Amino acid sequence: MSDPSTRGGSAARLVLVAAAVLAALVLQTTVFPHLAWGGVVPDVVLLVVVAAGLARGSQHAMVLGFFAGALLDLAPPADHVAGRWALALMLVGYVAGQVRREATPSVGVCLATVAACSFLGSSVFALSGMVLQDSAASIPDQLGVVLVAVVWDVLLAALLAALVLGPARRVRPRTRTDGLARR
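Structural notes, computed from the coordinates. None of these values were measured; they are calculated from a predicted model.

**Overview of the packing of aromatic side chains**
Phase 1 of the analysis: Overall, the coordinates contain three aromatic pairs when judged by the stated rule.
Phase 2 of the analysis: Centroid distance Trp37 to Trp152: 6.3 Å. Interplanar angle 80°. Geometry classified as edge-to-face. Taken as a pair, Trp37 in the loop between helix 1 (4-31) and helix 2 (44-56) and Trp152 in helix 6 (residues 139-170) lie far apart in primary sequence, 115 residues in all.
Phase 3 of the analysis: A relative accessible area of 44% places Trp37 in the partly exposed class.
Phase 4 of the analysis: Overall, the relative accessible area of 18% leaves Trp152 in the buried class.
Phase 5 of the analysis: If you follow Arg84 out to its NZ or CZ, it ends over the ring of Phe125, 3.8 Å from the centre.

Below is the structure:
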């Protein structure tokens, strides 16, 4: 039998993750196009999948990546064959989850993971477009887009890390002065 408190926690976690994906999707498709650099916007949905991989592991992140990618494939103004982002983000989830298994997550590891996953996801998306003849862009053009995407994603991840970790570092846990360890 499963513990009812675990079910409540997993339901709350599912709602939180779904809300994060939807918020990222809305930001990526409505706000960030106004900040496009070379026609490329930060991939906020990819950052959510990477965070899930680093927090929960490959299995969870792959499932999240598939569904988040499918939503991204279907969200307007999508102009490509559906399934390309689903495949790319599923692979991103796998890689981010494997990093979780192998390394202690630090800011440097997280940013390196974002860079690697951004390169992987953007490359898989670009290559699948070329294989499916869904993209008329040349390989050098695609490489330029991939590199701009990596820069955008790492910059946004660094900004988010600073916004989250900055206040967290200011809040220090109380320490006991009587020499007893806290439980």
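There's more to say after this.
**Focus on a nonpolar patch on the surface**
Phase 1 of the analysis: Nonpolar side chains collect at one region of the surface, where Leu159, Leu160, Leu163 and Val164 lie side by side and expose about 380 Å² of accessible area between them.
Phase 2 of the analysis: Looking at where Leu163 falls in the secondary structure, it is placed in helix 6.
Phase 3 of the analysis: Exposure remark for Leu163: the relative accessible area of 53% places this residue in the exposed category.

**Considering helix 2**
Phase 1 of the analysis: Compared with an ideal rise of 1.5 Å per residue, which puts 13 residues at 18 Å, helix 2 spans 18 Å between its outermost C-alpha atoms and is within 8% of the ideal.
Phase 2 of the analysis: Most of helix 2 is tucked away: ten of the 13 residues are buried.
Phase 3 of the analysis: If you check which residues of helix 2 are buried, you get Val44, Val45, Leu46, Leu47, Val48, Val49, Val50, Ala52, Gly53 and Leu54.
Phase 4 of the analysis: Note on helix 2: the residue one or two positions beyond its end, Gly57, has a positive phi of about 105°.

Calculation notes
- Residues numbered from 1 in each chain as written.
- Predicted model: local features only at pLDDT ≥ 70, side-chain atom pairs only at ≥ 80, totals over all residues.
- Heavy atoms only, no water.
- Phe/Tyr/Trp six-rings, centres within 6.5 Å; stacked < 30°, edge-to-face > 60°.
- Helix = DSSP H or I, 4+ residues; strand = E, 2+ residues; numbered from the N terminus.
- Buried < 20%, exposed > 50% of the residue type's maximum accessible area, 1.4 Å probe, protein only.
- Lys NZ or Arg CZ within 6 Å of the ring centre and 35° of its normal.
- Patch = residues over 30% accessible without salt bridge, like charges linked within 9 Å, V, L, I, M, F, W, Y side chains within 5 Å.
- Areas by Shrake-Rupley, 256 points an atom, 1.4 Å probe, with all protein chains shown as cover.
- Salt bridge = Lys/Arg side-chain N within 4 Å of Asp/Glu carboxyl O.
- Expected span 1.5 Å × (residues − 1).

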